[in-house]
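So the chains spell out like this:
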Amino acid sequence: MQLTFATEPAYPGRLNEDFIAATPDAVVLLDGAGTPPGVECGCHHGVAWYSHTLGSTLVASMIQSAGTLGEILADGIKTVAGLHASSCDLTHAGSPSATVVMLRRTGEMLEWLVLADSVLVLDVAGSPEPVVVCDDREAQVGARFRTLMDSLPVGSPEHQRAHAQYVEAMRWHRNREDGFWVASVDPLAGDQAQSGAMPVGEVHAAAVLSDGASRLVDRFELATWRQLLDLLDSSGPGELIDRVRQAERSDLEGRRWPRAKAFDDATAAYVTALGDG
């Protein structure tokens, strides 16, 4: 496989809570769920530590284990929980969490797993439209709680308070059968992810995106998924993130595109030559 990627924190100098890593046969991306100021999480390590630690654990296991991607994710969650169980409150509703995308070539098959709202886009042979894999359960639950937040100017004190209230409300629906699932402390999340496989020869290319990069399409609606793939192919992941930043700067208060944060950590990877050894 060949891979190009770009990743950028929401603000220069700020810690990037996204994580991406790759081997010749595997790609893993995590997007840590940021915690608003003043909202506790029960863990002194923080969200970036969690996403980076789990991500590095997963990418190592993906090339060493013959288990399914769901099994690897479950084992990784248990491993990372064990690393801070003695120092942090893992029963806290706000324990650090992350979305997950895993992509692995095994022989003649391409396997994938997607948990929560990061996105995998597959350019499949013979299909005019790409296959888009995204777990939208968090968005479905969140729609019930974000009306006030979305009505307020991003960055205002009122919006900040509403954002904190939104995060607190969402925590009680996290990793529950009638809610949504993310990687945190419960290994059952590995069973809750969307997963699939297809012959590697049927996939021309793949895009792996945190929601800070996919928002060009799924929030801002400034491109289609096909146009996003074409942009990655012609200009690379850095240009995709530049276009996201342009859109964000044009709407700092979230009037056109209501959102929790004016800017978000953004990561995009473009994978080609999937059938090459």
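Here, the structure is the one placed above.
The notes below deal with the structure included here. Every residue gets a number counted from 1 within its own chain, in the order that chain's sequence is written. Two thresholds apply to this predicted model, a pLDDT of at least 70 for residue-level local features and 80 or more for giving and counting side-chain atom pairs, whereas whole-chain, interface and lining totals are computed over all residues. Values reported for side chains reflect all heavy atoms of the structure, with hydrogen atoms and water molecules removed beforehand.

Considerations on the sheet that holds strand S10 (residues 266–272)
Okay, so step 1: Pairs of strands are assigned from DSSP output, requiring at least two bridges between the strands. Strands here are runs of E lasting at least two residues and helices are runs of H or I lasting at least four, both read from the DSSP assignment and numbered beginning at the N terminus. On the basis of which strands lie adjacent, the open sheet formed by five strands has the order S1-S10-S9-S6-S7 and antiparallel pairing. Each having just a single partner strand, strand S1 (2–8) and strand S7 (131–134) make up the two edges of the open sheet. For this sheet, the mean inter-axis angle between neighbouring strands, taken without regard to orientation, is 10°.
Okay, so step 2: For strand S9 (residues 203–209) and S10, the ladder comprises four bridges, and the chain directions are antiparallel. In the strand pairing of S10, Val-208 is matched with Ala-269.
Okay, so step 3: Contacts are residue-level and defined by heavy atoms, with any inter-residue pair within 4.5 Å sufficient. Angles here are taken between N-to-C directions and fall from 0 to 180 degrees, while the axes themselves are lines fitted to C-alpha atoms, restricted in helices to the stretch in contact. Where helix H7 (residues 211–218) meets the sheet, it contacts strand S6 (119–124), S9 and S10, and its direction lies at approximately 80° from that of S10.
Okay, so step 4: Sitting on the sheet, helix H9 (residues 237–249) touches S1, S9 and S10, and the angle it makes with S1 is about 30°.

Points about the packing of helix H1 (residues 47–64) against helix H2 (residues 69–84)
Okay, so step 1: Viewed as axis vectors pointing N to C, H1 and H2 meet at an angle of 135°, and their least axial separation amounts to 9 Å. The angle between the axes of H1 and H2 places the two elements in the oblique class. Both H1 and H2 take part in a crossing whose hand is right-handed. Together, Trp-49, Tyr-50, Thr-53, Leu-54, Thr-57, Leu-58, Ser-61 and Met-62 of H1 and Leu-69, Ile-72, Leu-73, Gly-76, Ile-77, Thr-79, Val-80, Leu-83 and His-84 of H2 make up the contact between the two elements.
Okay, so step 2: Note that Gly is not counted as nonpolar here; it falls among the polar residues with everything else outside the nonpolar set of Ala, Val, Leu, Ile, Met, Phe, Trp, Tyr, Cys and Pro and the charged set of Asp, Glu, Lys and Arg. Considering only residue class, the contact of H1 with H2 consists of eleven nonpolar, six polar and no charged. Orientation categories follow fixed angle ranges, with anything under 35 degrees roughly parallel, anything over 145 roughly antiparallel, 65 to 115 roughly perpendicular, and all other angles oblique. Two helices cross in a left-handed way if the nearer one is turned anticlockwise from the farther one by less than a right angle. They cross in a right-handed way if the turn is clockwise.

Shape descriptors only; they carry no functional weight alone.
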